[in-house]
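Examination of the molecular architecture
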Number of protein chains: 2
Amino acid sequence: MAGSTEVPYLLRAARGEELERPPVWMMRQAGRYMKVYRDLRDKYPSFRERSENPDIAIEISLQPWKAFRPDGVILFSDILTPLPGIGIDFDIVESKGPIINQPIRTQEQIDQLHLLDLDKFGFIRKILKALRDEVGNDAAVLGFVGAPWTLGAYAIEGKSSKNYSIIKGMAFSQPAMLHQFLGKLADAIAIYVRYQINSGAQVIQMFDSWAGELSPQDYETFALPYQQRVVQQVKATHPDTPFILYISGSAGVLERMGQSGVDMVSVDWTVDMAEARARLGHNMKVQGNIDPGVLFGSHAFIRDRIVDTIRKAGNKGHILNLGHGVLPGTPEDNVRFFFETAKQADQLMAVHA
Amino acid sequence: MAGSTEVPYLLRAARGEELERPPVWMMRQAGRYMKVYRDLRDKYPSFRERSENPDIAIEISLQPWKAFRPDGVILFSDILTPLPGIGIDFDIVESKGPIINQPIRTQEQIDQLHLLDLDKFGFIRKILKALRDEVGNDAAVLGFVGAPWTLGAYAIEGKSSKNYSIIKGMAFSQPAMLHQFLGKLADAIAIYVRYQINSGAQVIQMFDSWAGELSPQDYETFALPYQQRVVQQVKATHPDTPFILYISGSAGVLERMGQSGVDMVSVDWTVDMAEARARLGHNMKVQGNIDPGVLFGSHAFIRDRIVDTIRKAGNKGHILNLGHGVLPGTPEDNVRFFFETAKQADQLMAVHA
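Small disclaimer: the values here were computed from a predicted structure and weren't measured. (Residues numbered from 1 in each chain as written. Chains lettered and ligands numbered in written order. Predicted model: local features only at pLDDT ≥ 70, side-chain atom pairs only at ≥ 80, totals over all residues. Heavy atoms only, no water.)

1. Re the sheet that holds strand β7 (residues 264-267) of chain B
All names here are of chain B. If you trace the seven strands from one edge of the open sheet to the other, you get β1-β4-β5-β6-β7-β8-β9, paired in parallel fashion. In this open sheet, the two edge strands, each paired with only one partner strand, are β1 (72-74) and β9 (318-322). Ignoring strand direction, the axes of neighbouring strands in this sheet form an average angle of 25°. With three bridges joining them, β1 and strand β4 (residues 140-146) adopt parallel strand pairing. Paired with G72 across the two strands is A140, which belongs to β4. (Pairing = 2+ DSSP bridges. Helix = DSSP H or I, 4+ residues; strand = E, 2+ residues; numbered from the N terminus. Axes fitted to C-alpha atoms, helices over the stretch in contact; angles between N-to-C directions.)

The following block contains the structure:
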């Protein structure tokens with residue numbers, strides 16, 4: 001039976017086993033589209049409290065688990081969460097996103113950063129342990145981490161940016177300083193990932209959300225080497241924990257993502273899954289890649305797109321997911337239908353064969 | 001001498017002639033990064049007035065021409081400009097973008113749209129004629145138009161959207177209605193393009209700005225056929241006017257852009273230009289594709305990136321441009337340096353050979 005074995009089903013896909021249906025979860029599956037989440041947000045309006053108070057973060061992480069039984073349950077967190085651990089404080093303002101009070105702009109600020117102080121992250125251990133206890137082998141627990149370029153972009157821009165003109169200005173006129181900063185971030189992130197694994201994370205989902213803003217040659221200079229540095233450091237001590245890398249707007253650098261050392265590339269929806277497979281080669285596993293906008297369509301349309309995506313991805317080394325986080329405003333009933341249909345995909349594929 | 005012949009130099013690239021250096025202009029070259037533009041904006045705060053009052057629009061279109069002598073001068077306009085001509089009114093709110101007061105959501109609204117009323121667009125004729133008179137053969141005059149999917153997205157969403165969930169909801173549950181709307185838009189746009197050509201436009205730059213939000217299969221259903229419909233209708237009467245198609249975030253659909261019937265694909269910066277050439281084939285001409293963020297870098301960096309892009313694009317069928325519009329905040333001196341360097345690229349390439 002798909003879904004109940006000695007290891008979580010999702011891990012079998014991450015190992016490349018041939019499977020009757022792909023495991024399924026959704027990026028941002030705990031979030032604003034759920035009424036239970038919005039209610040909890042009204043009660044605890046601070047994002048940092050919601051993600052750093054273990055009781056609340058556990059409850060939020062488990063909301064989609066309780067509602068839809070996905071094959072993966074991801075730590076509810078933010079990519080910026082580790083930054084205070086090296087000396088960069090931040091806040092998250094509702095509907096505006098993260099604010100860094102003192103954006104990193106000078107060599108002096110970079111010199112003052114310290115190694116990651118793990119004492120600050122006891123809540124991460126508590127959350128991950130609780131998630132493992134709750135889901136057992138019925139789902140895999142995923143860790144959650146940002147990659148150096150993206151954390152650097154936030155820290156330097158000081159907030160969500162449209163154009164990344166400040167970090168790019170630095171990259172294109174003071175590259176040595178930026179490289180130093182990215183190196184420090186990579187080392188901190190590697191420590192943070194190891195801590196997540198030691199605390200129970202069975203898979204690591206790494207987001208380099210803003211790396212898609214780079215031209216391919218700049219990606220090779222400022223993003224890829226630091227993704228590699230994180231992966232290499234973690235793999236040195238934890239070789240068996242799968243890494244998944246997601247970048248939004250990655251169609252121009254897809255092959256290069258495959259060079260990062262990760263086990264699986266999370267493909268966004270702007271690339272055809274069959275073309276992604278061809279470009280990445282058969283040794284690379286894939287996650288994705290249904291347009292989150294599909295969940296605003298009819299049930300028949302959602303079902304067809306699930307079948308189409310699974311057919312294009314093939315029957316091994318694929319985790320079914322959206323090509324981006326589920327959108328605010330998505331009808332919860334469509335999310336329910338998506339999971340239900342995906343978990344019966346073995347029967348569906350047989351019918352459509 | 002490059003730059004002064006019987007036909008504008010840019011047209012020679014559009015025809016595929018072998019050239020010593022590519023012609024150069026910048027998307028959004030008239031705009032907020034220029035102090036003269038900001039001063040004029042303070043005087044005329046309404047975008048619609050700036051783009052529809054011919055005296056002001058002529059002055060704005062010519063601001064970069066006077067400052068930098070690009071090889072192309074584009075009509076200062078907005079992609080939504082033709083919408084009132086079929087019965088969809090809009091306003092543009094500074095820093096918020098366009099607002100459609102009555103977004104298109106029903107079959108009844110679509111039934112009520114009428115054929116494009118050209119009487120409303122005398123200002124377009126005046127602007128284009130004045131630009132031709134002013135620049136003569138020293139630059140080509142480009143027309144400016146949005147493609148059906150993108151105009152449809154604005155008209156349906158009612159404003160700039162992050163997720164396009166309303167038009168996608170329509171596409172994925174009521175496709176017949178959306179197809180009807182897109183068809184009407186295509187027919188109106190074709191009439192509008194012909195009018196621009198008859199008024200003096202020598203090249204048509206078509207923006208399908210939001211088509212990059214579509215998965216490749218949805219692009220083939222909802223964007224590509226309507227780009228083709230516009231191009232076919234215009235080519236039937238004006239076969240010699242080159243069409244350039246730009247989409248932001250097009251790395252996943254680049255080959256498909258080549259099927260639109262346009263003469264040249266404007267490549268965004270997230271694709272390597274050499275890879276774009278390989279993917280598009282040698283019969284397709286290209287425009288682009290320097291990251292606008294490069295203009296926040298050092299002069300040496302800007303120069304290297306110009307050389308690199310020209311080398312990758314080759315010496316025919318290439319117009320040098322950014323991979324997106326020039327960004328607000330870009331130092332004007334760097335724009336000046338970019339144009340100066342690009343116009344001496346023949347010497348620069350010889351030195352670097």
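2. Overview of the sheet that holds strand β7 (residues 264-266) of chain A
Sheet strands associate in pairs through backbone hydrogen bonding, adopting either a parallel or an antiparallel arrangement. All names here are of chain A. Spatially, the seven strands line up as an open sheet ordered β1-β4-β5-β6-β7-β8-β9, and their pairing is parallel. Every interior strand has two partners, whereas the edge strands, β1 (72-74) and β9 (318-322), have only one. The sheet shows a mean angle of 25° between the axes of neighbouring strands, taken without regard to direction. Two strands pair when backbone bridges link them, and strand β5 (residues 203-207) and strand β6 (residues 243-246) are joined in this way by four bridges, in the parallel orientation. Opposite Q205, over in β6, you have I244 as the bridge partner.

3. Notes on the pattern of salt bridges
Where side chains of opposite charge bring their charged atoms close, a pairing between them can arise. By the definition in use, this model includes 32 salt bridges over all chains. Residue B:K35 is joined to B:D39 by a salt bridge in which the shortest nitrogen-to-oxygen separation is 2.8 Å. Within this pair, B:K35 and its partner B:D39 are both found in helix α2 (residues 35-43), separated by four residues, close to a single helical turn. For B:K35, a relative accessible area of 46% gives the class partly exposed. According to the relative accessible area criterion, B:D39 is partly exposed, its value standing at 38%. The residue B:R336 makes a salt bridge to B:D333 at a minimum N-O spacing of 2.5 Å. Of this pair, B:R336 and B:D333 both sit in helix α14 (residues 332-343), three residues apart, which is roughly one turn of that helix. Here B:R336 falls in the partly exposed class, since its relative accessible area comes to 30%. By sharing partners, the salt bridges in this structure join A:R48, A:E52 and A:D89 into a single network. (Salt bridge = Lys/Arg side-chain N within 4 Å of Asp/Glu carboxyl O. Buried < 20%, exposed > 50% of the residue type's maximum accessible area, 1.4 Å probe, protein only.)

4. Concerning the relation of the copies chain A and chain B
At an RMSD of 0.0 Å, chain A and chain B line up after a rotation of 180° and a shift of 0.0 Å along the axis. Given the turn and translation reported, the copies of this chain are related as if by a two-fold rotation axis. The position closest to the rotation axis in chain A is occupied by the C-alpha of A:A251, lying 2.6 Å away. In this assembly, 100% of the residues forming the interface of chain A have copies in chain B that are likewise at the interface, indicating an isologous arrangement. (Least-squares fit on C-alpha atoms with pLDDT ≥ 70 in both. Contact = heavy atoms within 4.5 Å.)

5. A word on the pairing of β9(B)
Residue and element names in this part refer to chain B. For β9, the buried fraction is high: five of the five residues fall into the buried class. Here β9 shows a buried face lined by H318, L320 and L322 and a second buried face lined by I319 and N321. In this structure, strand β8 (residues 285-290) lies alongside β9, joined through five bridges in parallel fashion. From the neighbouring strand, N289 faces β9, where its bridge partner is N321. Once you follow β8 into helix α13 (residues 299-313) and on to β9, the crossover reads as right-handed. (Right-handed = clockwise from strand over helix to strand, strands pointing away.)

6. Let's talk about the packing of aromatic side chains
Overall, the coordinates contain 24 aromatic pairs over all chains when judged by the stated rule. Note on A:F207 and A:Y246: the rings are 6.0 Å apart at their centroids and 70° apart in plane angle, and the pair reads as edge-to-face. In this pair, A:F207 is assigned in strand β5 and A:Y246 in strand β6, connecting sequence segments 39 residues apart. Under the relative-accessibility criterion, A:F207 is labelled buried at 10%. These aromatic residues form a ring-pair network of at least three members: A:Y37, A:F47 and A:F76. It is B:R48 that lies over the ring of B:F90; its NZ or CZ is 4.3 Å from the centre. (Phe/Tyr/Trp six-rings, centres within 6.5 Å; stacked < 30°, edge-to-face > 60°. Lys NZ or Arg CZ within 6 Å of the ring centre and 35° of its normal.)

7. Observations concerning the interface of chain A and chain B
In this complex, chain A contributes 33 residues to the contact, which on the side of chain B involves 33 residues. Regarding the contact of chain A and chain B, the summed buried area is about 2700 Å², with carbon and sulfur atoms giving 49% of it. On inspection of chain A and its partner chain B, the count reaches six salt bridges. A salt bridge links B:R305 to A:D218; the nearest nitrogen and oxygen atoms lie 2.9 Å apart. Taken together, chain A and chain B are joined by 12 residue pairs in polar contact (both at pLDDT 80 or more). Broken down by secondary-structure element, the contributors of at least two residues to the side of chain A that touches chain B are α8 (165-171), α10 (216-237) and α13 (299-313) of chain A. Looking at the side of chain A that touches chain B, the element that brings in the most residues is α13(A), giving four residues. Here the residues of the side of chain A that touches chain B are counted per class, giving 11 nonpolar, 12 polar and 10 charged. (Buried area = accessible area lost by both parts, 1.4 Å probe. Polar contact = N/O pair within 3.5 Å; in protein donor to acceptor, adjacent residues only side chain to side chain. Nonpolar A, V, L, I, M, F, W, Y, C, P; charged D, E, K, R; others polar.)

8. Notes on the nonpolar core
Ranked by internal contacts, the top residues of the largest apolar core, which has 262 residues, are A:Y219, A:F338, B:Y219 and B:F338. Apart from residues lying up to four places away in sequence, A:Y219 is in contact with A:A211, A:L214, A:L224, A:P225, A:Q227, A:L245, A:I247, A:V253, A:R256 and A:M257. (Core = buried A, V, L, I, M, F, W, Y, C linked by side-chain atoms within 4.5 Å.)

9. A word on helix α12 (residues 273-280) of chain B
Residue and element names in this part refer to chain B. Of all the positions in α12, only M273, A276, R277 and L280 are classed as buried. Axial view of α12: buried residues confined to an arc of 100°, hence all on one face. Elements in contact with the buried residues of α12: α11 (254-257), β7, β8, α13 and β9. Between the side-chain oxygen at the start of α12 and the backbone nitrogen of A274 there is a gap of 3.0 Å, and the oxygen is on D272. Taken from the residues just after α12, G281 is the one with a positive phi, measuring 85°. (Arc of directions from axis to C-beta.)

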